[in-house]
Structure formats: C-alpha cells, structure tokens
Amino acid sequence: MPHNSSARKHGGEQSDGGGSSSKSQRGKAGRVTEDNEKKSSSKRLKDVEISVPIVYGTISFWLGKKASEYNSHKWTVYIRGASNEDLGVVIKRVVFTLHPSFNNPTRVVEAPPFELSESGWGEFEIVISLHFHSDVCDKQLDLYHHLKLYPEDESGPQSTKKPVVVETYDEVVFSEPSESFFARVQNHQAVIVPRLSPSLNLPPPGSIDNMNEKKRGDTKDHPLSQWFMNFSEADELLKLAAARQQVQAHIAKLRRQLNVLDGQPQQFKPTAGQ
Amino acid sequence: MDAKDILGLSKTSFSAPQEKKPRPQKDSQRKPDGISREVYALTGGLAPLMPSVDVSHLKRQSQPDNEKITWRWLPFTSSARTDNLQLYHWVRIVNDVPPTGDYSFAKYNKSVDIVKYTEEEYEKYLTDPVADRFPSSRTVEELKDRYYSVSREILLARAASSADVAGHPLVKEPYNVEQEIERKRALSMVLSQTKQQERKDAEVLAEAKRITESRMIDKGAEEAELHATSTVGAENAERAIVDVESVSPSSNNQLPTAVVAPPTATGDGTSTPSSLRLLRVYLRTDALDQMVQAASSSAGLRTVKRVEQTLQDLGVNVKPKVPTKSVCAEHLELRKEILTLLNLQKQLQNKEAEASSLRDNSYTDIPSTPKQRANRGVDQDRSFIPDSLSFGGERVGKRDQKRKAPGRFSEAPPSPPQSKRPRKFKASDG
C-alpha cells in the first residue's frame, strides 16, 4: 500500500535560502571575534547546563469526502520551541523517519521550522532525529512519537475541521556546554541559560543577525499554531507542592504515632469502631 | 585368532577361510611406508593429514662440499664465572677456524646492584619505629617501595652532595607505589580482557577515528571552532573518553571551574547522574526516569506501583506533563517522600502487630487503630487520605491479613468491608 505524499516533502520552502544565509551570518560573526572564540571555543563550562524547551508531535486532519482507502488523513509532524521560538539556533537539521511503506521514508529538513507534512491511512511511530550545530553537540538525539489519526472519542463523526493533536513537552539538556555555544545563545529566547559570574569573559553574541534569523524559523505565526497546546509549568508545580504538603503532614503524624508506640509498648489500644 | 588359541577353541573350517581372506588384505592395508607398524598404530591407524616436520629439514642442510665441518672438544671460559674453572665442550669448527668470543650464554648472567648498608646507617636513616616491630604480610609493591626507598636513602646519605647522585635513576625517579599498583592493575585488566571487550574497544576507537575525521572535514569546510569529543556510551564512558582523547587531535585543556549560580531547586539527590552528564545531550524526561529509578532502587516492584497509585490519588501526573527543571525536581522529591511515607506506615503496622501480639488478645477487629486515629485527624474531604491508604480499597478487603507475630492466628477472618472503615494493606508488600 503505497502512500502518496501530497503536501511538501520538506517543511518551510522559504527557509532554504534562509538556512544558507543564516549560516553565513553566523560565519561572519565568527570571523569578527575569531581570535577570542578560537581560544575559548574548546573550553567547557563545568556544572552548567543549557536547556531548550521543545514541543514535538503531530496534527492530523481527516480528509472527509476526499478521503480514499489508502489516503484518509493528512498530517504534519513537527518539533517547535515551547514558546514557538526559533529552534534553528541550536538545531541544524531534523530527520523524520517514517514508516517504511512511505517513499523515501527518511525525510531531512534542513532549516526551521522543522516539520513535515504527509498523508496516509495508518498510525505508526515516527522517529524525530535532532542534529545539532557543530559547536553545540556532535551527537544526535532521537525522539519518538506515535502518529495518532483517530480521536479518542470514537463515538462522533470525524470532522475535517477539528484535527487530532498530540503534543509532548520536553527539554533538551546540554551539560557542560562549550563556551562558544553558550556565548552564541545566551540571549536567545529559545534557550534557557543560567546566569554566570561576570568574571567569565565571553564574547557577546551577534544580536542583530540573530533577530533576522529568528523571524524566519519561529512558529509564532505558523498556520497550525491555533492548534498548538499550551504547556504551563505553573499548574503542575502547584499540584506538586500541594501533594508534597499533604504527604509531609502525613509523615509527621505517623512519626508522632510511632513515638507514642515506642514510649508505651504495653498500652492497650481501644478498637475504635470507625 | 590369538584369543581363540588361548581359549583352546579349534579353528573351524568356517573361520579359517575368513582369516585367510582378510589377513592378506589387512596386511597390505596395514603396512605403512617409512614407519613401523606399531608406531603407525599410535596415530590411530590413520596417516596424519600434514607432515608435522618438513621432511626436507631432516636432511643435512649445509652442503658438505663448500665447507669443511669438524667438531672438536675444546676448553672455554665464560665471563659469567668468577672462579677460574676450566670447562670443555664440543665446538663446531668450520674450515679449521675456531670461533671467538665469549661464551654465548654469558650475557644472560644479569646481576642487580643491591645497596648494602651498615648497622650504623640503618639506625641513622632507616629505622621506622613502628614498621620494624610488627611482622606483617606485605604486597609486592610495598616491598618494592620499601626496598627502593631504603636504597634511595642510603644513596643520598652516602653522597657527598646531592648533586652527585641526582643523575642516579633511583634519585631521579623515585618508586611511586600507587602508580605501580595502578599500572599493574591496568595491565592485568588489559590481559584479562575478553574478546568481546576487545571488539568493543575496537569499535569505540573506530568510531572515534570517524568522528575526528569528519570533524577535520567540517573544520576545513565551515571554519568551525574545535570542540570536545563526544562519548559513545554510558557504560564505557570513562574508558572511551580516555581512548578518544588520545586519538583526537583536538585536545581539551583543563578547564578552570566557572563560578556559576547553582541550578535552582535541586536537593542532594537530584543532581544529574554522571552517566547522563557524560552524554552531553539528553532529554530531561530521560534524566528524571533515571533518577526515579535510582531513588526507588531499594524498593520492590509493588512498592513502586503503590507510589504511582499514591501519585494518582494525589492528582499528580505519574509522568509530568510539563517536565521543566523545577517540575522534575519537585516530582522526584515527592516520590521520595511517598516512599518515606510508605516505609513509615509499614513500620507502624509492624510495631502495632508486635504490640498486639504481646497483649495476647484475640482479634475480632482489624487492628488498624493507629491509622484510624491518623485518618480522623485529616480532612475527610480530600480523596487522598482514608481510602487510598488501603491502596486499592476494593480489593484489599477480601485478602487475608498476614501477621508478623509468629503463630498468631485470628479466629475471625477480616470483617467484611464497611464503607467507613479503612483497610490495611498487606504487611508483606514491598
């Protein structure tokens, strides 16, 4: 059962030009502060981590009357910054590996926004391989996502307007990043960096160039952005804090009871009916 | 045939022709060339597939026509001997020219210069008040250390000035015990490496080579700065780093530790496991999973399940939906606290069971009074406390309760579940 790819195979046509120009811009910034960077580039910042909050997943639409037996849904798989910032600052390219029944199941996306649209009928696991820029990390990171086409609630009729959205929040953590990486991204919105002591002399990032890049690779105005989920840590933190409080109170009570028991081992305890 | 002779059986006409026929055949079969029959039989009656000794080597190799070889019984001396003993041996003389030179085995007579010290010197420099009094078994390295340090001391003491002996190997490079122990340990590790380990190492080195090569290409193409090598796997991480760094052209300088604001909301147990840190890049959820596993390593599967049930009862996601750094830290702490809670509950239950067995009362009710008291104190509206303590309240009521006190039986099985009565979980859990 061959799958026909109707939509574009590579996400973001506009980013092909953007990708190369952003590279040269990075190169320019590199050349200006070359001496500095060469000295500090290979140094790693101990006990420092840089984290990149990401959201990855799929959005799938039923094709309705256009649906055929082997082509019932159109879907998009993507990875975006958690606040829709441009991940291109960290990620060089993303490789989406589809089910082998697709033509050329290995789809490479060279520039942000890192996404891929396809159509088909089946649900399967998609491998999302993140390849980072050379100063970030030379090891790739693989994410796994199950493509969901059919809604949980199977009772109602499918709608072509309301898609099935599955998104996962996570954070990519780089431990002991290189100084050059840190310097490059320290002011970028897509990245969380700790505050370092000012005694460390890091070359400043090329801010203006970054701005231009940002406009192209971010997903703030993405056509599918209306379906993006909101991930707020506040909710979860609240729940966790409340839960911890309860548990701690309970622990305290039990400790008191244990002390009582230890103090008076022969005490007769009345059996309460409750 | 011989057996039959021994037994005195007559050779029947039946057997005779049999013997006659196979015998000539066997004889012709058996008769090998070049070696006697018995020796041939030693090989199991089969000829070896390949000659073990090249037959041509057995012939005389040097042609007697070029040279004249004689053997003479001659005396010789050896530099290895300190006496003047005169020994004789056969010498192969070629063309009447006797061989010259020292006895060929004299070079193996190695000797070690051992430092000899006097009693005076011993008392002055070498006495160690404690060590000399007690006999103890010592390792080879310790003995060596003692020997070398003693020699060194004597050398230094005898030298007119320290400059004289500075060139002596003992003074220049003193024996380093720990290094020697390490070195020997490393050697034995290398020696005892299994084939699998060798293969793994070869793979790691090959990968390191590939990485460095690709990096060389990248370096040329992109004008990218040099950066640290990546590690291959967590298990071999430490060895890999050593190997890879030796291969990689980009050597990492020792880093001055950056002064950094410590990561927020981390307790003692929440620092990233070193195996993950070595990976350089990882997902926070994976890090959390590892830390959760580490924290629950002492707990059994059932306990872990109960922790997760408790989480659910508390309205907390078993796997955080928004795994930020602080969320993960809080989550981990919560799990640990729940484990503590469960342990305390078990302790309490055990203590209670002990106490009640001492009292020697018969049980008609479930001895869950301490917990009942605890429950009453807590807000009953919250779904967490009363029923969830039973951890699956519907099921537990049917189970028997095991007693920790030996030989103790409750005449009545646990009373049928009543709506308001909290149930005890099995004491055997975890």
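Asks: In this structure, what is going on with the overall build of chain B? I would like to understand it.
Replies: Within chain B, the regular secondary structure consists of 19 helices and three strands. Within chain B, contacts between residues at least 6 apart in sequence are counted, and of these 60% link residues at least 24 apart. Here chain B displays about 29,900 Å² of accessible surface, and carbon together with sulfur accounts for 53% of that area.

Asks: Just checking my understanding: could you explain the confidence of the model for chain A for this structure?
Replies: Low-confidence regions, as indicated by low pLDDT, have predicted coordinates that should not be scrutinised in detail. Residue and element names in this part refer to chain A. Considering every residue of chain A, the mean pLDDT works out to 80; 75% of them sit at 70 or more. Scored below 50 in pLDDT, residues 1–40 makes 54 contacts in the model with residues more than four places away or belonging to other chains. Predicted confidence for residues 208–214 stays below pLDDT 50, and this span has eleven contacts to residues more than four positions away or in other chains.

Asks: How should the pattern of salt bridges be read in this particular structure?
Replies: Proximity of charged atoms lets side chains of opposite charge pair with each other. This structure, assessed with the given rule, holds 21 salt bridges over all chains. One salt-bridge network, held together by shared partners, links Glu49(A), Glu171(A), Arg284(B) and Lys325(B).

Asks: I keep staring at the sheet that holds strand β4 (residues 106–109) of chain A and nothing clicks. Help me out?
Replies: Strand pairs in the sheet, formed through backbone hydrogen bonds, run parallel or antiparallel to each other. All names here are of chain A. Ordered in space as β4-β3-β6-β7, the four strands form an open sheet in which the pairing is antiparallel. Only two strands of the sheet have a single partner each, and these edge strands are β4 and β7 (141–146). Along the sheet, successive strands turn relative to each other by an average axial angle of 20 degrees, direction set aside. Looking at chain direction, strand β6 (residues 125–132) and β7 are connected through six bridges and run antiparallel. Across the sheet, residue Ser129 finds its bridge partner in β7, namely Asp142.

Asks: Can you help me understand the nonpolar core in this one?
Replies: The tendency in soluble globular proteins is for nonpolar side chains to be buried as a group. Ranked by internal contacts, the top residues of the largest apolar core, which has 41 residues, are Ile79(A), Val90(A), Ile128(A), Leu130(A), Phe132(A), Val172(A) and Phe174(A). Of all hydrophobic cores here, the second largest spans 19 residues; its members include Val327(B), Leu334(B), Leu342(B) and Leu348(B).

Asks: I keep staring at helix α7 (residues 140–158) of chain B and nothing clicks. Help me out?
Replies: Residues separated by three or four positions in an α-helix point in the same direction, a consequence of the helix having 3.6 residues per turn. Between its terminal C-alpha atoms α7(B) stretches 27 Å, which fits the 27 Å expected from 19 residues at 1.5 Å a residue. By the burial criterion, the buried members of α7(B) are Glu141(B), Val150(B), Ser151(B), Ile154(B) and Leu155(B).

Asks: Sorry, what's going on with the packing of aromatic side chains here?
Replies: For any pair of aromatic rings, the description rests on two quantities: the centre-to-centre distance and the angle between the ring planes. Summed over all chains, the structure comprises 16 aromatic pairs over all chains. Here a set of aromatic residues connected by ring pairs shows up, and it is made of Phe76(B), Tyr103(B), Phe105(B) and Tyr108(B). Lying across the ring of Phe61(A), Lys74(A) places its NZ or CZ 5.5 Å from the centre. Cation over ring: Arg80(A) sits above Phe228(A), and NZ or CZ is 4.1 Å from the ring centre.

Asks: Would you mind showing me how to read the pairing of strand β8 (residues 164–175) of chain A here?
Replies: Each regular strand carries side chains that alternate between the two faces of the sheet. Residues and elements named next belong to chain A. Within β8, nine of the twelve residues are buried, leaving the element largely enclosed by the surrounding structure. Strand direction decides the pairing type here: strand β1 (residues 49–62) and β8, joined by twelve bridges, are antiparallel. Bridge assignment links Ile50 to a residue of β8, and that residue is Phe174.

Asks: Would you mind going over the sheet that holds β8(A) with me for this structure?
Replies: The antiparallel open sheet is built from five strands, whose spatial order is β5(A)-β2(A)-β1(A)-β8(A)-β3(B). At either margin of the open sheet sits one strand with a lone partner, and together these are β5 (114–120) of chain A together with β3 (281–283) of chain B. Looking at each pair of strands side by side, their axes are set apart by 20 degrees on average, direction ignored. Two elements, strand β2 (residues 73–81) of chain A and β5(A), share seven bridges in a ladder whose sense is antiparallel.

Asks: In this structure, what is going on with the packing of α7(B) against helix α10 (residues 177–191) of chain B? I would like to understand it.
Replies: To describe two helices that pack against each other, one gives the angle between their axes and the distance between the axes. All names here are of chain B. Look at α7 against α10: their axes get within 10 Å of each other, and the N-to-C directions meet at 145 degrees. In this structure, α7 meets α10 at a crossing whose hand is right-handed. Between α7, through Val140, Glu141, Lys144 and Asp145, and α10, the contact on the second element is made entirely by Val177, Glu180, Ile181 and Lys184.

Asks: Even after reading the chapter, I still don't get a nonpolar patch on the surface, so can you show me in this structure?
Replies: Taken together, the side chains of Trp71(B), Trp73(B), Tyr88(B) and Trp90(B) make up a nonpolar region of the molecular surface, amounting to roughly 560 Å² of accessible area. Along the chain, the position of Trp73(B) falls in strand β1 (residues 69–76).

Asks: Can you help me understand the side chain of Ser129(A) in this one?
Replies: Mapped onto the fold, Ser129(A) is located in strand β6. Setting aside residues no more than four positions away along its own chain, Ser129(A) makes contact with Arg93(A), Val94(A), Val95(A), Gln140(A), Leu141(A) and Asp142(A).

Asks: What am I meant to see in the environment of Leu116(A) here?
Replies: Residues and elements named next belong to chain A. On the secondary structure map, Leu116 appears in strand β5. Of the residues examined, Leu116 reaches a relative accessible area of 0% and is grouped as buried. Along the backbone, Leu116 and Tyr78 are 38 residues apart, and their C-alpha atoms lie at a distance of 6.3 Å.

Asks: For this particular structure, what's the right way to read unusual backbone geometry?
Replies: A negative phi holds for most residues other than glycine; trans holds for most peptide bonds. Residue and element names in this part refer to chain A. Here Pro112 and Pro113 are connected by a cis peptide whose omega angle stands at 0 degrees. Positionally, Pro113 belongs in the loop between β4 and β5. At Asn84, a residue that is not glycine, the phi angle is positive and equals roughly 65 degrees. Within the secondary structure layout, Asn84 lies in the loop between β2 and β3 (91–97).

Asks: Can you help me understand the packing of helix α15 (residues 301–313) of chain B against helix α16 (residues 325–359) of chain B in this one?
Replies: All names here are of chain B. For the pair α15 and α16, the least separation of the axes is 10 Å and the interaxial angle reads 115 degrees. When the axes of α15 and α16 are compared, the crossing they make is right-handed. Of α16, the residues touching α15 (which contributes Thr303, Arg306, Val307, Glu308, Thr310 and Leu311) are His331, Leu334, Arg335, Ile338, Leu339 and Leu342. The class makeup of the residues in the contact of α15 with α16 is six nonpolar, three polar and three charged.

Asks: Explain the confidence of the model for chain B here, please?
Replies: Residue and element names in this part refer to chain B. In this model, chain B carries an average pLDDT of 69, and 58% of its residues clear a pLDDT of 70 or more. This model gives residues 224–270 a pLDDT under 50, and the stretch forms 80 contacts once residues within four places in sequence are excluded. Between residues 371–430, whose pLDDT stays under 50, and residues either more than four places distant or in other chains, the model counts 111 contacts. Predicted as a complex, the structure gets a pTM of 0.49 and an ipTM equal to 0.77.

Asks: Looking at this model, I keep getting lost on helix α5 (residues 233–263) of chain A. Mind explaining?
Replies: Residues and elements named next belong to chain A. Taking 1.5 Å as the rise per residue, α5 with 31 residues should run 45 Å; its terminal C-alpha atoms sit 45 Å apart, in good agreement. Of the residues making up α5, those classed as buried are Glu236, Leu240, Ala243, Arg244, Gln246, Val247, His250, Ile251, Leu254, Gln257, Leu258 and Leu261. Its side-chain oxygen at 3.1 Å from the backbone nitrogen of Ala234, Ser232 defines the N-terminal cap of α5.

What counts, and at which threshold
Residues numbered from 1 in each chain as written. Chains lettered and ligands numbered in written order. Predicted model: local features only at pLDDT ≥ 70, side-chain atom pairs only at ≥ 80, totals over all residues. Heavy atoms only, no water. Helix = DSSP H or I, 4+ residues; strand = E, 2+ residues; numbered from the N terminus. Contact = heavy atoms within 4.5 Å. Areas by Shrake-Rupley, 256 points an atom, 1.4 Å probe, with all protein chains shown as cover. pLDDT = per-residue confidence, 0-100. Salt bridge = Lys/Arg side-chain N within 4 Å of Asp/Glu carboxyl O. Pairing = 2+ DSSP bridges. Axes fitted to C-alpha atoms, helices over the stretch in contact; angles between N-to-C directions. Core = buried A, V, L, I, M, F, W, Y, C linked by side-chain atoms within 4.5 Å. Buried < 20%, exposed > 50% of the residue type's maximum accessible area, 1.4 Å probe, protein only. Expected span 1.5 Å × (residues − 1). Phe/Tyr/Trp six-rings, centres within 6.5 Å; stacked < 30°, edge-to-face > 60°. Lys NZ or Arg CZ within 6 Å of the ring centre and 35° of its normal. Left-handed = near helix turned anticlockwise from the far one by under 90°. Patch = residues over 30% accessible without salt bridge, like charges linked within 9 Å, V, L, I, M, F, W, Y side chains within 5 Å. Nonpolar A, V, L, I, M, F, W, Y, C, P; charged D, E, K, R; others polar. Polar contact = N/O pair within 3.5 Å; in protein donor to acceptor, adjacent residues only side chain to side chain.

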